[in-house]
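Structural features, examined
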Amino acid sequence: MSQDEKTYVMRPIGFVRSPYRETSEIPKGPGAEHHAEGALAVRPELEDGLSDIEGFSHLFVLWVFDRASGYELVSTVPLDRETPHGVFASRSPRRPNAIGLSVVELLGREGPLLRVRGLDMLDGTPILDIKPYLSGLPPEKVRRGWVSEAEERRKNQP
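Overview of the side chain of Ser 18
Mapped onto the fold, Ser 18 is located in the loop between strand E1 (14-17) and strand E2 (37-42). Here Ser 18 is in contact with Leu 119, Met 121, Leu 122 and Asp 123, once residues within four sequence places are set aside.

Following this line, the structure appears as structure tokens:
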């Protein structure tokens, strides 16, 4: 079997508890801010893996777009309706591998339950992994690609 024919099976480590039931409820596009509070409910048998997590202010959450179907390699996105962009240069849910990545603020831990702020996921979303958010990049070293151009165009529109 060649490398590109392999598949990988993953079991969720838990599920998101979110106020969002429909994708239309999640803020998207220019100026979207994510302040929703909820929880990451980790499977009880994995609770020991959360040891020391309370020391981090923010977490990366890897999750599954379990309600998306199919994918588009190039499409327009809410931030820039004028120019199509490649799926790997966007946060589109319609991806060849339906994996999402979010950063949330950790508010507290109650056993296997992590209380968080900044959710942009639907209630019941499967969680694949959680990692502490650590960025060693100074802001002046970060490039934002087409997003900077799209934001500038929007600022200049009447």
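As for helix H1 (residues 146-155)
Of all the positions in H1, only Trp 146, Val 147 and Ala 150 are classed as buried. Buried residues of H1 fall within an arc of 100 degrees about the axis and therefore sit on the same side. In H1, the exposed residues that point more than 90 degrees away from the buried face are Glu 149 and Lys 155. Buried positions along H1 lie against strand E4 (74-77) and strand E5 (80-86).

Concerning the pairing of strand E6 (residues 99-110)
Bridging between strand E3 (residues 58-64) and E6 involves 7 bridges; their strand directions are antiparallel. The residue of E6 that forms the bridge with His 58 is Glu 105. Judged from the 5 bridges that link them, E6 and strand E7 (residues 113-117) form a sheet pairing that is antiparallel. In the strand pairing of E7, Gly 108 is matched with Arg 115. Here E6 folds back onto E7 in antiparallel fashion, the turn holding 2 residues, of which Gly 111 has a positive phi close to 60 degrees.

Calculation rules
- Here the residue numbering is sequential within each chain, running from 1 through the sequence in written order.
- Totals for whole chains, interfaces and linings use every residue, but because this is a predicted model, local features are given only for residues with pLDDT of at least 70 and side-chain atom pairs only at 80 or more, for both listing and counting.
- Computation of side-chain values: all heavy atoms of the structure, hydrogens and water removed.
- Per the convention used, a helix needs a DSSP run of H or I reaching at least four residues, while a strand needs a run of E reaching at least two, with both numbered from the N terminus.
- We call two residues in contact when some of their heavy atoms are within 4.5 Å.
- Partly exposed residues are those whose accessible area sits between 20% and 50% of the maximum for their type, while under 20% is buried and over 50% is exposed, using a 1.4 Å probe and protein chains only.
- Read the arc as the range of directions from the helix axis to the C-beta atoms.
- Strands are labelled as partners when DSSP assigns at least two bridges between them.

Any functional reading would require information beyond the geometric quantities listed.
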